[in-house]
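# Per-entry structural report
Residues per chain, in single letters:
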Amino acid sequence: MDFDFISDHLALDFAGTLSWRTTERVELLTGPAELERWVRLSGLTDGPLRVTAAGFRSAVELREAVYRAAAGVPEGAGADPADLAVIRRAAGRPGVVPRLSAIGELHRAGDLSQVLADLAVAASELLGSQERHHIRVCARENCTRMFLDRSRAASRRWCDKLRCGSSANSAAYRRRRQVRQP
């Protein structure tokens, strides 16, 4: 499966690399190579990234801490102190270094620890600010993807309008048609 960057926030997109958490879980980060690919697609670094087995485990630990901390926000729940500690620990490391080569040429270089630091900082800034009130969980049954609702009316319901929104609307239409037919 391809990675989606539909959450309107990189930390939530990272948390979304494990989907359908309550039913048939779909793990998109199946190993170090997939994590390297996600990082490259995210734009966090330009160059190749070496991910060890230990680094991969650290990334998954951070992803799960971010997911659990953010998932409680829409219900007003607090976060587990252990999850906050994981996020703080990663955020306390140096991040990716941007280098301006020329006007219009920015390069980002860093190792996995620096990438995880940037993700943890992004999560910290989201969860520690008023922007956290815009975190939503997709309204499609069993979809566990989170996103930021930046719509003017704060009425966005789907992580992805085409996938989850269309599927949910089609299912509702079929249910209405079944009720009307004898």
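Now for a quick tour of the structure. (Residues numbered from 1 in each chain as written. Predicted model: local features only at pLDDT ≥ 70, side-chain atom pairs only at ≥ 80, totals over all residues. Heavy atoms only, no water.)

### Quick notes on the overall build of the protein chain
Scanning the protein chain for helices and strands turns up six helices and six strands. Listing every helix and strand of the protein chain by position from the N terminus yields α-β-β-α-α-α-β-β-α-β-β-α. Taking all 182 residues of the protein chain together, the buried fraction comes to 38%. For the protein chain, restricting intrachain contacts to residue pairs at least 6 apart in sequence, the fraction spanning at least 24 positions comes to 57%. Looking at the protein chain as shown, the accessible area adds up to about 10,500 Å², and 52% of this sits on carbon and sulfur atoms. (Helix = DSSP H or I, 4+ residues; strand = E, 2+ residues; numbered from the N terminus. Buried < 20%, exposed > 50% of the residue type's maximum accessible area, 1.4 Å probe, protein only. Contact = heavy atoms within 4.5 Å. Areas by Shrake-Rupley, 256 points an atom, 1.4 Å probe, with all protein chains shown as cover.)

### Section: the environment of Ala33
Looking at the element boundaries, Ala33 is found in helix α2 (residues 32–42). Relative accessible area serves as the criterion here: at 54%, Ala33 is assigned to the exposed category. In the structure, Ala33 is positioned 17 residues away from Arg50 in sequence and 8.7 Å away in space, judged by C-alpha atoms.

### Brief notes about the side chain of Gln114
Topologically, Gln114 is positioned in helix α5 (residues 112–127). The contacts of Gln114, once residues within four sequence positions are left out, are Pro94, Gly95, Val96, Val97 and Ala109.

### Structural notes on the pattern of salt bridges
Between side chains of opposite charge, pairing is possible as soon as their charged atoms come close. According to the stated counting rule, one finds eleven salt bridges in the structure shown. The residue Arg150 makes a salt bridge to Glu131 at a minimum N-O spacing of 2.8 Å. Taken together, the residues span a long stretch of sequence, with Arg150 in the loop between β6 (146–148) and α6 (161–180) and Glu131 in the loop between α5 and β5 (135–137) at a distance of 19 residues. On the basis of relative accessibility, which here comes to 47%, the residue Arg150 falls in the partly exposed class. Residue Glu131 is classed as partly exposed on the basis of its relative accessible area of 25%. Here Arg136 and Asp149 are joined by a salt bridge, their closest N and O atoms 3.8 Å apart. One end of the pair, Arg136, is in strand β5; the other, Asp149, is in the loop between β6 and α6, and 13 residues separate them in sequence. Judged by its relative accessible area of 0%, Asp149 is buried. (Salt bridge = Lys/Arg side-chain N within 4 Å of Asp/Glu carboxyl O.)

### Details of the packing of aromatic side chains
Two measures describe an aromatic ring pair: the distance that separates the ring centres and the angle between the ring planes. Scanning the model with the defined rule gives two aromatic pairs in all. Connected via pairs of aromatic rings, a cluster forms that spans Phe5, Phe14 and Trp38. A cation over an aromatic ring shows up here: Arg21 above the ring of Tyr67, its NZ or CZ 3.6 Å from the ring centre. (Phe/Tyr/Trp six-rings, centres within 6.5 Å; stacked < 30°, edge-to-face > 60°. Lys NZ or Arg CZ within 6 Å of the ring centre and 35° of its normal.)

### What to know about the side chain of Ser19
Structurally, the position occupied by Ser19 is in strand β1 (residues 18–19). You can call Ser19 buried: its relative accessible area is 18%.

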